[in-house]
Amino acid sequence: MAEPTSSPLPGEKTVGALVLFSGGQDSATCLAWALNRYDHVETVGFAYGQRHAVELEARQRLRSLYGEKPGWADRLGPDHLLSIPTFSEIGETAMTADLPITAGETGLPTTFVPGRNLAFLTFAGALAAKQGLTVLVGGMCETDNAGYPDCRAATIDAMQTTLRLGLAAPIAVETPLMHLTKGQTWALAKQVGGEALVDLIVEHSHTCYRGDRSQRHDWGYGCGECPACEERARGWAAYCQDAGQEVSA
Ligand code: ZN
């Protein structure tokens, strides 16, 4: 696995980062990655009209558990929760309304919320500028099965350029998961915080599109049937296989 590279600009001193933190597996891994790497780390989450509050609850659990870890407690700064009700006003997606999760007319799944990551990065950039932070960290990943176009490296690179120009600030957008498979994302968590961090992410992060926390699998809680659960389960199986561990059925 290639070591994700930071992009410090010449003359930069202490670097503070703002992690886009949803409470899912990916952003939980990114927050741990950032806490190992930056002196000061703040988090931002978005209430964008999503159907389930469980993600937002997972954020708080994970933050308080990370805050107990030696070395991370002093680095973990405040959390910010920004409300963007606009997406549920714009249109119906399976993330913001009670619609089936299927392939949509455009070929993208109905869970795609057009413009969501573009808006998230813009608001995160504005918040970072106010807080004096120069690094944004996000769990965008172009190898995801969903194939969201706003998670691709080309989109994120263009957003970084836009933010630098539009904010007149040396913003760097870090996406440590961009080219990883879901199995490799679990391996990165182990690399960053050992088995203890992997266990913590399994138990407390939330991925399931249906917001189901009634069923516990070896990869964590979820309905086990939605595309997000299936992808998390596949990633876990690949990770366990690579680690030479047995995967329970
Ligand atoms: Zn599910």
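This text gives an overview of the structure that appears in the document. Residue positions are counted from 1 within each chain, in the order its sequence is given. Per-residue local features of the predicted model are confined to residues with pLDDT of at least 70, and side-chain atom pairs are confined, for both listing and counting, to 80 or more; whole-chain, interface and lining totals are unaffected and use all residues. Heavy atoms from the whole structure form the basis of all side-chain values; hydrogens and water molecules are not counted.

1. Things to note about the coordination of the zinc ion
Each metal's donors comprise the N, O and S atoms found within 2.8 Å of it (within 3.2 Å for Na, K or Ca). Water is not part of the atom list, so some coordination spheres may appear incomplete. The protein atoms that coordinate the zinc ion are C208 (SG), C223 (SG), C226 (SG) and C229 (SG), at distances of 2.3 to 2.4 Å. Every geometry call rests on angle ranges, with four donors termed tetrahedral when all angles are between 85 and 135 degrees, four termed square planar and six termed octahedral when opposite donors are over 155 degrees apart and all others are between 65 and 115, and everything else termed irregular. One way to put it: the 4 donor atoms around the zinc ion meet at angles of 104 to 116 degrees, and that makes the site tetrahedral. For the zinc ion, the single-chain donor residues occur in sequence as C-x14-C-x2-C-x2-C.

2. Focus on the pattern of salt bridges
One speaks of a salt bridge when a side-chain nitrogen belonging to Lys or Arg is within 4 Å of a carboxyl oxygen belonging to Asp or Glu. All chains considered together, the criterion is met by 5 salt bridges. One salt bridge connects E203 with R216, and the closest N-O pair in it is separated by 2.6 Å. Highlighted residues: E203 in helix α6 (residues 182-204) and R216 in strand β6 (residues 216-217), separated in sequence by 13 residues. The class of E203 is partly exposed, set by a relative accessible area of 26%. By relative accessible area, which is 42% here, R216 ends up partly exposed. Helix and strand definitions follow DSSP, with helices as H or I runs of at least four residues and strands as E runs of at least two, each counted in order from the N terminus. Using a 1.4 Å probe on the protein chains alone, a residue whose accessible area is under 20% of its type maximum counts as buried, one over 50% counts as exposed, and one in between counts as partly exposed.

3. A closer look at the sheet that holds strand β3 (residues 76-83)
A strand pair is defined by DSSP finding two or more bridges across the two strands. One open sheet accounts for 5 strands, arranged β3-β2-β1-β4-β5; its pairing is parallel. Across the chains shown, the open sheet's two edge strands, defined by having one partner strand only, are β3 and β5 (172-174). For this sheet the average axis-to-axis angle between neighbouring strands, irrespective of direction, equals 25 degrees. Where strand β1 (residues 16-20) meets strand β4 (residues 135-137), 3 bridges bridge the pair, whose relative direction is parallel. Within the sheet, the bridge partner assigned to V19 lies in β4 and is V137. Contact definition: two residues touch when any of their heavy atoms are within 4.5 Å. Every axis corresponds to a line fitted to the C-alpha atoms, with the helix fit spanning only the stretch in contact, and the corresponding angles, defined between N-to-C directions, vary from 0 to 180 degrees. The strands that helix α1 (residues 25-37) touches are β1, β2 (40-47), β3, β4 and β5; relative to β1, the one it contacts most, it runs at about 170 degrees.

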